[in-house]
Amino acid sequence: MIAASPGARKLPPVTESPTPATPPTSTARAILLTGLVAGLCDGTAAVVNYAAHGGTEPVKIAYYIASALFGRDTAYAGGWPMAVCGILMHFAIAMSWTALFYVVYPRVRKYAGNVVVTAVVYGAFVWVMMNLVLVPLTRTPKGPFNPGRAAIEMGILMLCIGLPVSLMARRHHSPAKT
């Protein structure tokens with residue numbers, strides 16, 4: 001055994017700490033990952049829904065999103081730069097809804113016991129806010145209200161935004177299991 005020299009600093013004893021089931025993740029990283037998943041799911045569902053209704057040019061979805069800032073004529077005539085802008089806007093919107101959920105979740109966690117119910121409520125909330133508040137404030141072309149289409153779009157948001165966001169936020173905010 002080696003004796004410590006006088007005046008040497010003593011090291012704290014080594015203790016074993018339990019390893020969490022998942023490595024700790026920062027909230028910003030969790031929001032980024034969740035927003036990417038939700039945006040990808042929602043974007044994929046939008047393309048499938050568009051194709052199921054006879055759409056043959058999915059790039060028009062990105063033009064439609066870009067038209068919120070640039071107007072219909074500019075967005076649809078803007079080619080790939082406008083498509084990229086629309087896709088980036090889509091992911092920014094998904095990130096925003098994800099960030100809002102992550103901020104609110106700790107305050108409403110006790111009411112959010114069932115992930116599916118939480119997903120349904122949050123997806124419906126996102127649909128209402130987007131379609132009745134935010135989109136009307138933009139330059140996006142408006143069409144007549146179609147209840148069947150609205151139900152499909154709300155269902156997509158429940159499944160593609162609400163479910164991944166509620167599942168991943170619950171996991172992020174849960175204490176690590178030892």
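Our subject in this report is the structure included herewith. This one's a predicted model, so the numbers in the text were calculated from it and none came from an experiment.

1. A few points about the overall build of the protein chain
Part 1: Along the protein chain, the regular secondary structure elements total six helices and zero strands.
Part 2: Listed N to C, the secondary structure of the protein chain is α-α-α-α-α-α in terms of helices and strands.
Part 3: For the protein chain, the proportion of its 178 residues judged to be buried stands at 30%.
Part 4: In the protein chain, once contacts between residues fewer than 6 apart in sequence are set aside, the share between residues at least 24 apart is 73%.

2. Some words on the nonpolar core
Part 1: Counting residues in each nonpolar core, the largest one holds 17 residues, and the members touching the most others are Phe-101, Tyr-122, Val-126 and Ile-161.
Part 2: For this core, the leading source of residues is helix α6 (residues 147-173), giving five residues.
Part 3: Ignoring sequence-local partners within four residues, the contact set of Ile-161 consists of Ala-38, Asp-42, Tyr-122, Val-126 and Ile-156.

3. Remarks on the packing of helix α5 (residues 115-134) against α6
Relative placement of two packed helices is described by the angle separating their axes and the distance separating the axes.
Part 1: Here α5 crosses α6 at 125 degrees, and the two axes come no closer than 7 Å. Between α5 and α6, the angle falls in the class oblique. Between α5 and α6 lies a crossing whose hand is right-handed. The residues of α6 that touch α5, namely those facing Val-115, Thr-118, Ala-119, Val-120, Tyr-122, Gly-123, Ala-124, Val-126, Trp-127 and Asn-131, are Ala-150, Glu-153, Met-154, Leu-157, Met-158, Ile-161, Gly-162, Leu-163, Ser-166, Leu-167 and Arg-170.

4. Concerning the packing of helix α2 (residues 59-70) against helix α4 (residues 79-108)
Part 1: Across the interface, α2 lies against α4 with an axial gap of 7 Å and an inter-helix angle of 80 degrees. In terms of orientation, α2 lies roughly perpendicular with respect to α4. Mapping the contact onto sequence places Val-59, Ala-62, Tyr-63, Ile-65, Ala-66, Ala-68, Leu-69 and Phe-70 in α2 and Gly-79, Trp-80, Met-82, Ala-83, Cys-85, Gly-86, Ile-87, Met-89 and His-90 in α4.
Part 2: Considered class by class, the residues forming the contact of α2 with α4 number 14 nonpolar, three polar and no charged.

5. A look at the side chain of Thr-34
Part 1: Along the chain, the position of Thr-34 falls in helix α1 (residues 27-52).
Part 2: Beyond its immediate sequence surroundings of up to four residues, Thr-34 is in contact with Thr-98, Tyr-102, Pro-164, Val-165 and Met-168.

6. Section: the state of the cysteines
Part 1: Per the stated rule, a full pass over the model turns up zero disulfides.
Part 2: In this model Cys-160 remains outside any disulfide bridge; the closest cysteine sulfur is found in Cys-41, 5.4 Å from its own.
Part 3: Under the relative-accessibility criterion, Cys-160 is labelled buried at 9%.

7. Things to note about the side chain of His-173
Part 1: One can find His-173 in helix α6.
Part 2: Accessibility expressed as a relative area gives 18% for His-173, which makes it buried.
Part 3: Residues within four places of His-173 in sequence aside, it is in contact with Tyr-102, Tyr-105, Pro-106 and Arg-109.

8. Topic: the packing of aromatic side chains
The geometry of an aromatic ring pair is captured by two quantities: the separation of the ring centres and the angle between the planes.
Part 1: This structure, assessed with the given rule, holds five aromatic pairs.
Part 2: Members of the aromatic cluster, each reached through a chain of ring pairs, are Trp-97, Phe-101, Tyr-105, Tyr-122 and Phe-125.
Part 3: Across from the ring centre of Tyr-76, 4.7 Å away, lies the NZ or CZ of Arg-72, which sits over that ring.

Calculation criteria
- Residues numbered from 1 in each chain as written.
- Predicted model: local features only at pLDDT ≥ 70, side-chain atom pairs only at ≥ 80, totals over all residues.
- Heavy atoms only, no water.
- Helix = DSSP H or I, 4+ residues; strand = E, 2+ residues; numbered from the N terminus.
- Buried < 20%, exposed > 50% of the residue type's maximum accessible area, 1.4 Å probe, protein only.
- Contact = heavy atoms within 4.5 Å.
- Core = buried A, V, L, I, M, F, W, Y, C linked by side-chain atoms within 4.5 Å.
- Axes fitted to C-alpha atoms, helices over the stretch in contact; angles between N-to-C directions.
- Parallel < 35°, antiparallel > 145°, perpendicular 65-115°, else oblique.
- Left-handed = near helix turned anticlockwise from the far one by under 90°.
- Nonpolar A, V, L, I, M, F, W, Y, C, P; charged D, E, K, R; others polar.
- Disulfide = S-S within 2.5 Å.
- Phe/Tyr/Trp six-rings, centres within 6.5 Å; stacked < 30°, edge-to-face > 60°.
- Lys NZ or Arg CZ within 6 Å of the ring centre and 35° of its normal.

Purely spatial values, then, with no claim about function.
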